[in-house]
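Each chain, written out:
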Amino acid sequence: MKVIVTERISDKGVELLKNAAGLEVDICFDIPRAELLEVIPKYDAIVVRSVTKINEEFYEHATNLKVVGRAGNGVDNIQMEGATKRGIIVVNTPESNIVSAAEHTIGLLLASSRNVVKAHKMIESRVWERSGLKGSEMLHKTLGIIGLGRIGALVTKRMQAFEMKVIAYDPYIADARFKKLGVEKCETLDDLLKKADVISIHTPKTEETVNILGAAEFAKCKKGVRVVNCARGGLYNEQDLAEAIKKGIVASAGIDVLVDEPKPISPLIDLEECVLTPHLGADTTEAQDNVGIAIAEEVVSALRGEMVPNAVNLPSLHPHDLEDMLDYLHLGEALGKLYYQLKKDPIEKIEILYQGEVAEMETQMITRAVLKGVFEPILKERVNYVNAELAAEGRGVDIVESKMTGETKRNLITVNIYVKDNVFTVSGKVFGENNIRITEIDGFEFDLTPERFMLVARNQDKPGMIGQIGTLLGASRVNIATMQVSRNQKDGCAMMFMTVDNEVNKETLNLLQGIDGIKKANLIKL
Ligand code: NAD
Ligand code: MLT
């Protein structure tokens, strides 16, 4: 596997990538775009920060790409839809630099409120002068946070220590979070604008948040309001902010991000009320080490096909929840894989029923595991956790997930696959760590531990069948590890299920099918 790193990450991160077994790493910081597009077909993964644009043009060249690692938080330079439809997993490190970003926000607020840069420039020019440099305290002022997510919450806690009153506008989070953080909720942005002495924005850059503060909004603010943007360039309209500063509505601005960055172009640059830094929010030794290590570990895990907690285009899971869920993911995938290895009819609907403890989990990921399993035998590596839902949708398959909690059935997952005029059912349970079982296949009850290679035979329920199969497999040098037979009625049809040590070739399968009384024999590979 080959990884290209196009933007600077910490030495610790680079080292980790280089030490990963089977990984070849090329460090190409600041590689020109044209050159990147030319070489990218060779690579399985790319590690970027915020400058490399991962867009449709990039994906069209990146024919071998499996993973995009975003060393940092915001993913606005990554076109997510393109990655998802191609099954490319996008991972980031959302927790690794938030403390640094929160501290820088506060640094910019204090520096701009106390004219630190202007004063420093005067001293540099050997002028010791205090007039015109009067600032203001934070004590008992109202801080208005727009976006009460990770960084918004860290800034809140820290500024509460300054005895500021914190109010916030974030329509996407529950009232309980406001309460827990001791923050007054603003129902509207206008409400916040009217009350805040200081405004700090911590939202992602979306259609809704670009220019969220423009001329009309600044006009609603308290005269003398101080603003900070350590999130993304363009959340405040820079032209309108410059005008609001000139009109005396905004007293100061601390700005870490510009709409045209990395180009240092903005009307804010020439205003002495502004303190600007070149996107330094995450630039601390600690954050860069955290980010470098985290992204290297995630890219390596994703390339190995392991689950990554911070996959942006997968349902988000806490690492602990992911650990608890691993057995269910293996079971879901195993159940899914049975269908196309036993049947061929086109699927119309897949219904996944979760019962007992498993129904109380975030089952979205298990559903993806089932879908990945279903489609993998026919789509191979073109289907994965990222695009499994899209793969189903693209084939016109309806997905229905239902849950039953309670004591009756413990940890049971049932997959009903609807085809024209028929339903194929498989079920399984998790009994404990690394202890998963398939309990039903197409109406036949079993208690099977799934293995890499399995043989399934449908036969008439009559004497001598087991002996014949055993003899034939023995003669073909196939070692049977375990065997179970299930029948749904006496003298009717039976299903025989064997785990075997090796792959069984086509010739042996044909011989099996030739035994009188065997209706069908299939090899199943997990
Ligand atoms: P987060 O996802 O934890 O929080 C974002 C919050 O914004 C969420 O609570 C969301 O509900 C809210 N939000 C979304 N749309 C909104 C809207 N229209 N109005 C109000 N609230 C809205 O993100 P985070 O980790 O706290 O990061 C915040 C920002 O900081 C992001 O833009 C991120 O890219 C940026 N960031 C910058 C630096 C830096 O170096 N300057 C470093 C890290 C993160
Ligand atoms: C981030 O989103 O993590 C920050 O903006 C820092 C960065 O881009 O490196």
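Now for a description of the structure that goes with this document.

Rules and cut-offs
Residues numbered from 1 in each chain as written. Chains lettered and ligands numbered in written order. Predicted model: local features only at pLDDT ≥ 70, side-chain atom pairs only at ≥ 80, totals over all residues. Heavy atoms only, no water. Pairing = 2+ DSSP bridges. Helix = DSSP H or I, 4+ residues; strand = E, 2+ residues; numbered from the N terminus. Axes fitted to C-alpha atoms, helices over the stretch in contact; angles between N-to-C directions. Contact = heavy atoms within 4.5 Å. Core = buried A, V, L, I, M, F, W, Y, C linked by side-chain atoms within 4.5 Å. Buried < 20%, exposed > 50% of the residue type's maximum accessible area, 1.4 Å probe, protein only. Patch = residues over 30% accessible without salt bridge, like charges linked within 9 Å, V, L, I, M, F, W, Y side chains within 5 Å. Areas by Shrake-Rupley, 256 points an atom, 1.4 Å probe, with all protein chains shown as cover. Salt bridge = Lys/Arg side-chain N within 4 Å of Asp/Glu carboxyl O. Lys, Arg positive; Asp, Glu negative; His and termini not counted. Charge placed at Lys NZ, Arg CZ, Asp CG, Glu CD. Near = heavy atom within 4 Å. Polar contact = N/O pair within 3.5 Å; in protein donor to acceptor, adjacent residues only side chain to side chain. Nonpolar A, V, L, I, M, F, W, Y, C, P; charged D, E, K, R; others polar.

Brief notes about the sheet that holds strand β16 (residues 422-432)
Then, number 1: Strand order in the open sheet formed by six strands is β14-β13-β15-β16-β17-β18, and the pairing between neighbours is mixed. Unpaired on one side and paired on the other, β14 (398-404) and β18 (444-448) mark the two borders of the sheet. Here the strands of the sheet are splayed against their neighbours by 15° on average, with no regard to which way each runs.
Then, number 2: Where β16 lies against strand β17 (residues 435-441), six bridges are found, and the strand directions are antiparallel. Looking across to β17, one finds that Lys429 is bridged to Arg437.
Then, number 3: Sheet strands touched by helix α14 (residues 364-379): β13 (347-355), β14 and β15 (412-419). Its angle to β13, the strand with the most contacts, is close to 140°.

Considerations on the nonpolar core
One broad rule of soluble globular proteins: the nonpolar side chains tend to lie buried together.
Then, number 1: Counting 75 residues, the largest nonpolar core has Leu17, Ile350, Ile413 and Ile441 as its most contacted members.
Then, number 2: A total of ten residues in this core trace back to one element, the largest contributor, which is helix α13 (residues 319-342).
Then, number 3: What Ile413 contacts, discounting residues up to four positions off in sequence, is Tyr328, Leu331, Leu335, Ile352, Leu353, Tyr354, Val358, Ile366, Val426, Ser427 and Gly428.
Then, number 4: Counting 31 residues, the second-largest nonpolar core is a separate cluster that includes Leu193, Ala196, Ile255 and Leu271.

Quick word on a negative patch on the surface
Then, number 1: Together, Asp321, Glu323, Asp324, Glu362 and Glu433 make up a negatively charged patch on the protein surface.
Then, number 2: For Asp324, the location among the structural elements is in helix α13.

Section: the site of ligand 2
Then, number 1: Arg49, Ser50, Arg70, Gly72, Asn73, Gly74, Asn97, Arg232, His279 and Ala282 make up every residue found near ligand 2.
Then, number 2: Taking Ser50, its side chain carries an N or O atom lying 3.4 Å from an oxygen atom of ligand 2.
Then, number 3: Within the side chain of Arg70, a nitrogen or oxygen atom sits 2.9 Å from an oxygen atom of ligand 2.
Then, number 4: In the complex, 90% of the free accessible area of ligand 2, which totals 260 Å², lies under the protein chains.
Then, number 5: Taken together, the residues of the shell around ligand 2 break down into one nonpolar, six polar and three charged.

Description of the side chain of Asn416
Then, number 1: Within the secondary structure, Asn416 is located in strand β15.
Then, number 2: Judged by relative accessible area, Asn416 falls into the buried class, the value being 12%.
Then, number 3: Within the structure, the side chain of Asn416 is placed 2.8 Å from the side chain of Thr425, a separation counted as a polar contact.
Then, number 4: Excluding residues within four positions of it along the chain, Asn416 makes contact with Lys349, Ile350, Glu351, Val423, Phe424 and Thr425.

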